[in-house]
Amino acid sequence: LDEHGRVWIGDLPALAALGKSPIQAASTLRALEWIDRRAPIQGLLLPERLLGQSPEGFARELPKGIQSLAWSVTPGPSKDAPHAFELAIAGTPEGVRQVSPWIQRLVAFIGSLPGAPSRPADVLEEKTRVGLKAQLNASQLEAVMARISQPGIFKAAERKP
């Protein structure tokens, strides 16, 4: 979302080349360090900017001080193989402290999904960022993406041929 309220979609180097890019912000760079920059599917949300655009929804669930949320997905080598999912949230120490329970609820949600991964999600936490890494099948991935306000991205992966 740029300063005019327009939404830009593209790969991170292309967005950075636009000029006044939020990708250069320190919190965004910290979040991006914890996701696989080579992953074929990546996303970046700036919740503070979304608050002015959306009166309800995911951005409102996050505490003040959360500045960047980055995620990546690396599909498994076969149709039935799990996908590597990574999520990193960066912000102020207070914002990260307040969002940590939300991450724990997301980990519990992943563990409660049908066909839950045999290995629990890994949680990483520092003073100004928190993240998780998990192996998910297609339907689990879609459920998790809906939780972070990115529904429908992987719907096609669930369809039968």
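Whatever comes next refers back to the structure up there.
The rules we used
- Once a new chain begins, its residue numbering starts again from 1 and follows that chain's sequence as written.
- Per-residue local features of the predicted model are confined to residues with pLDDT of at least 70, and side-chain atom pairs are confined, for both listing and counting, to 80 or more; whole-chain, interface and lining totals are unaffected and use all residues.
- The side-chain figures draw on all heavy atoms in the structure; neither hydrogens nor water molecules are used.
- In DSSP terms, a helix is any run of H or I states spanning at least four residues, a strand is any run of E spanning at least two, and both are numbered starting from the N terminus.
- In this scheme, a residue with accessible area under 20% of its type's maximum is buried, one over 50% is exposed, and one in between is partly exposed, where area comes from a 1.4 Å probe on protein chains only.
- Residue contacts are counted whenever heavy atoms from the two residues lie within 4.5 Å of one another.
- Calculation of accessible area relied on Shrake-Rupley with a 1.4 Å probe; when residues are assessed, cover is drawn exclusively from the protein chains displayed.
- Within this document, salt bridges are pairs made up of a side-chain nitrogen of Lys or Arg and a carboxyl oxygen of Asp or Glu, the two lying within 4 Å of each other.
- Side-chain atoms alone can form a polar contact between residues adjacent in sequence; in general such a contact is a pair of N or O atoms within 3.5 Å, and within protein one must be able to donate a hydrogen while the other accepts it.
- Any two strands between which DSSP finds at least two bridges are classified as paired.
- Axis lines are fitted through C-alpha atoms, for helices just across the contact stretch, and the angle between N-to-C directions can take any value from 0 to 180 degrees.
- We define the nonpolar core as a collection of buried residues of types Ala, Val, Leu, Ile, Met, Phe, Trp, Tyr and Cys that are connected through side-chain atoms lying within 4.5 Å of one another.

**A word on the overall build of the protein**
Part 1 of the argument: Counting secondary structure elements, the protein contains 7 helices and 5 strands.
Part 2 of the argument: Counted from the first residue to the last, the protein has its helices and strands arranged as α-α-β-α-α-β-β-α-β-β-α-α.
Part 3 of the argument: Residue burial in the protein is summarised as follows: out of 161 residues, 40% are buried.
Part 4 of the argument: In the protein, the proportion of contacts linking residues at least 24 apart, taken out of those at least 6 apart, comes to 59%.
Part 5 of the argument: Accessible surface, the protein as shown: approximately 9000 Å² in total, 54% of it carbon and sulfur.

**Digging into the pattern of salt bridges**
Part 1 of the argument: One pass over the full model with this rule turns up 6 salt bridges.
Part 2 of the argument: Salt-bridge contacts for Arg 119 lead to Asp 122; the nearest nitrogen and oxygen are separated by 2.7 Å.
Part 3 of the argument: According to the relative accessible area criterion, Arg 119 is exposed, its value standing at 55%.
Part 4 of the argument: For Asp 122, a relative accessible area of 30% puts it in the partly exposed group.
Part 5 of the argument: Residues joined in a network through salt bridges with shared partners are Glu 33, Glu 126 and Arg 129.

**A look at the side chain of Ser 72**
Part 1 of the argument: Relative to the helices and strands, Ser 72 is located in strand 2 (residues 66–74).
Part 2 of the argument: According to the relative accessible area criterion, Ser 72 is buried, its value standing at 0%.
Part 3 of the argument: Here Glu 86 takes part through its side chain, which lies 2.8 Å from a polar atom of the side chain of Ser 72.
Part 4 of the argument: Leaving out residues up to four positions away in the same chain, Ser 72 has contacts with Ile 35, Asp 36, Ala 39, Ile 41, Gln 42, Ala 84, Phe 85 and Glu 86.

**Quick notes on the sheet that holds strand 4 (residues 122–125)**
Part 1 of the argument: Reading across from one edge, 1-2-3-5-4 is the order of the 5 strands in this open sheet, with antiparallel pairing throughout. The open sheet has two edge strands with one neighbour each: strand 1 (41–45) and strand 4. Mean inter-strand twist for the sheet, computed between neighbouring axes without regard to direction, equals 10°.
Part 2 of the argument: Pairing geometry for strand 2 and strand 3 (residues 83–91), over 8 bridges, is antiparallel. Looking at strand 3, one finds that Leu 69 is bridged to Ile 89.

**Focus: the nonpolar core**
Part 1 of the argument: The biggest cluster of nonpolar side chains holds 27 residues, and the ones touching the most others in it are Phe 85, Leu 87, Trp 102 and Leu 132.
Part 2 of the argument: Elements with a contribution of two residues or more to this core: strand 2, strand 3, helix 5 (93–112), strand 5 (129–136) and helix 6 (138–147).
Part 3 of the argument: Examining the composition of this core, we find that 8 residues originate from one element, helix 5, more than from any other.
Part 4 of the argument: Those residues in contact with Phe 85, other than ones at most four positions away along the chain, are Trp 71, Ser 72, Val 73, Leu 132, Lys 133, Ala 134, Leu 136, Leu 141, Val 144, Met 145 and Ile 148.
Part 5 of the argument: Counting residues in hydrophobic clusters, the runner-up holds 7 residues, among them Leu 32, Trp 34, Ala 70 and Ala 88.

The analysis is restricted to geometry; functional conclusions fall outside its scope.
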